[in-house]
Amino acid sequence: MPKPITAMRSRPGRPLSKVMWLAVAGVLCLPAEGTLAAEVPLMPLTQLRVTIVEWIASTGEYKEWTPLNGQYIISPSSTIAIPLLGEFSVENETPSQVAGKISALLKQKTGLAEPPAASVEVVRYPMFYVSGAVKRAGELEYRPGITVTQAVAMAGGRERQTDANGSRELEQLRYAGELNGYDLKLNQLMARRARLEAELAERTKIEFPPELVNAPDGSAGKVFVQSETDLFVARAEALKRQLTSLSELQVQLQNEINVLNEKTAVQDRQITIAEDELASISSLVDSGTLAKSRETALERVVADLSSDKLDLVIAAMRAKQKLSETERDAIALKGQQRTEAGRELQEIVAEFEDTKLKRNTVIALLQAAGAAVSRDAARVAANTQTLEYWVTRAGGDGIPLKLPESAELAPGDVLDVRYDISSTVASASLPAIVAQPSQ
């Protein structure tokens, strides 16, 4: 679950100090820096930070909802999953709208009179990509309102033509290396996802994709399969050992309870005998046949036996309590493993989709670099020629659109910077090559 996103949190339920809750109140009430960012609709793979606090009128303090606070990633289907609330859609919603939805859902789930205060901050937008006639083509971090001109500046500006063929060949080699790296990472993520799905479904065997099962011996795919299989077996055996240990402890506690019950029964018989004897000598003591000390001694014996019985009853109750706790621990142990597998699986799926997008972009860049080797006829005037900007939208139909340099970009866009040369040269050397997203 990439590694699980970890948020710095205080202890659950700890009231905030006066200074801290004033600061929290200020963050929740004041508009964040860059108001435009809060109004941009959220897209898949956007990383959010959710903060929830509640005003406790009786104590005059804010309390954090620590188990729910943290960072979340919007899934490829435009949903997020928050503990207690489950998974819900945030498609085409702004951070402020998502915050309002979280508050409303929490009020509905918990039955509070007033909804807790929630804030949603964008930690990181999905990347966008620049290719073509720029110095540093590749992926760049998106920020709301970024224009084509700004994106080109972030990519180092327009390229300056020197040794065209040599640099293009090196560029092709670099893209080919990146493509191999992404292929390797996708195979690793597929193997890990198969293992997590098996753990979540509590299967006894992992069902790997055919491309990994049929991989040649000694290949990276086979190594990933063996590695995840070993980890799956090790985790299953560790869980089995822990459950076996808890089961053995339950048997020991049940045996202890049985022994204590038997001792209690014996103690009851001893008390009955002593009470009968005490009743039989009471008349003799009253008539003066026996001394009063004899009756007092028997009463003391009855009291001691009753005290010992009470100790046995208390010991049996404690053993039953430990037995109940052990049963709960076994259930919690299974639930914890499923929860961890589910959270990690969600993160793996998001990383898998992000890696596929990067791989497709590298394919497009590699094709563009290969096509650009034949542009020598236009090299003389390349540094003074005007540029054209073509954008392929994420989630669109894969057809590039020509945009002005003042147009704003969106997360996931692929910006291709091209030379605006004569129609003859353009038709011969600048084909519109667009990589279609793999399914």
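Analysis parameters
Residues numbered from 1 in each chain as written. Predicted model: local features only at pLDDT ≥ 70, side-chain atom pairs only at ≥ 80, totals over all residues. Heavy atoms only, no water. Salt bridge = Lys/Arg side-chain N within 4 Å of Asp/Glu carboxyl O. Buried < 20%, exposed > 50% of the residue type's maximum accessible area, 1.4 Å probe, protein only. Pairing = 2+ DSSP bridges. Helix = DSSP H or I, 4+ residues; strand = E, 2+ residues; numbered from the N terminus. Axes fitted to C-alpha atoms, helices over the stretch in contact; angles between N-to-C directions. Polar contact = N/O pair within 3.5 Å; in protein donor to acceptor, adjacent residues only side chain to side chain. Contact = heavy atoms within 4.5 Å. Core = buried A, V, L, I, M, F, W, Y, C linked by side-chain atoms within 4.5 Å. Expected span 1.5 Å × (residues − 1). Arc of directions from axis to C-beta. Phe/Tyr/Trp six-rings, centres within 6.5 Å; stacked < 30°, edge-to-face > 60°. Lys NZ or Arg CZ within 6 Å of the ring centre and 35° of its normal.

Observations concerning the pattern of salt bridges
Right, so step 1: Summed over the entire model, instances satisfying the criterion amount to 17 salt bridges.
Right, so step 2: The closest approach of N and O atoms between Lys101 and Glu93, which form a salt bridge, is 2.7 Å.
Right, so step 3: Classification of Lys101 as partly exposed rests on a relative accessible area of 25%.
Right, so step 4: When its relative accessible area of 16% is taken as the criterion, Glu93 is described as buried.
Right, so step 5: The closest approach of N and O atoms between Arg418 and Asp416, which form a salt bridge, is 2.8 Å. For the pair Arg418 and Asp416, one class covers both residues: buried.
Right, so step 6: Through salt bridges with shared partners, a single ionic network connects Arg192, Arg195, Glu199, Glu228 and Arg235.

Describing the sheet that holds strand β11 (residues 414-419)
Right, so step 1: If you walk across this open sheet you meet the five strands as β8-β7-β11-β9-β10, and the pairing is mixed. Whereas interior strands pair on both sides, the edge strands pair on one side only; in this sheet they are β8 (138-140) and β10 (401-403). On average, each strand axis in the sheet is inclined to that of its neighbour by 30 degrees, with strand direction left out of account.
Right, so step 2: Note: strand β7 (residues 128-132) against β11, four bridges, orientation parallel. Each residue of the ladder has a partner; that of Val130, found in β11, is Leu415.

Brief notes about the side chain of Asp416
Right, so step 1: Summarising the element assignment, Asp416 is placed in strand β11.
Right, so step 2: Taking the relative accessible area as the measure of exposure, Asp416 reaches 15% and is therefore buried.
Right, so step 3: Of the polar contacts made by the side chain of Asp416, one reaches the side chain of Ser131; its length is 3.4 Å.
Right, so step 4: Here the side chain of Asp416 touches Arg418 through a polar contact of 2.8 Å, side chain to side chain.
Right, so step 5: The contact partners of Asp416, leaving out residues within four places of it in the chain, are Ser131, Gly132, Glu388, Tyr389 and Trp390.

Section: the nonpolar core
The tendency in soluble globular proteins is for nonpolar side chains to be buried side by side.
Right, so step 1: Residues Ile102, Val130, Leu415 and Val417 are the most contacted members of the largest nonpolar core, which totals 49 residues.
Right, so step 2: In terms of residue count, helix α3 (residues 95-110) provides more of this core than any other element does, four residues in total.
Right, so step 3: Counting 17 residues, the second-largest nonpolar core is a separate cluster that includes Leu186, Met190, Ile206 and Leu345.

Focus on α3
Residue pairs three or four apart in sequence face the same way in an α-helix, which turns once every 3.6 residues.
Right, so step 1: For α3, spanning 16 residues, the distance from its first C-alpha to its last is 22 Å, which sits close to the expected 22 Å at 1.5 Å a residue.
Right, so step 2: Listing the buried residues of α3 in full gives Pro95, Val98, Ala99, Ile102, Ser103 and Leu106. Axial view of α3: buried residues confined to an arc of 140 degrees, hence all on one face.

Side note on the packing of aromatic side chains
Right, so step 1: This model, assessed by the stated rule, comprises three aromatic pairs.
Right, so step 2: Ring centres of Tyr125 and Tyr142 lie 5.3 Å apart, and the angle between their planes is 80 degrees; on these two criteria the pair is classed as edge-to-face. Taken together, the positions of Tyr125 in the loop between β6 (117-124) and β7 and Tyr142 in the loop between β8 and α4 (148-154) put the pair 17 residues apart, joining distant regions of the chain. Of the two residues, Tyr125 and Tyr142, both sit in the buried class.
Right, so step 3: The interplanar angle of 90 degrees and the centroid separation of 6.5 Å between the aromatic rings of Phe128 and Tyr142 together place this pair among those described as edge-to-face. Separated by 14 residues along the polypeptide, Phe128 in strand β7 and Tyr142 in the loop between β8 and α4 bring together distant segments of the chain.
Right, so step 4: Looking at Phe128, the relative accessible area reads 0%, which means it is buried.
Right, so step 5: Classification of Tyr142 by relative accessible area gives buried; the value is 6%.
Right, so step 6: An aromatic cluster of three or more residues is present, and its members are Tyr125, Phe128 and Tyr142.
Right, so step 7: In this arrangement the basic side chain of Arg193 is found over the ring face of Phe352, its NZ or CZ atom lying 4.6 Å from the centre.

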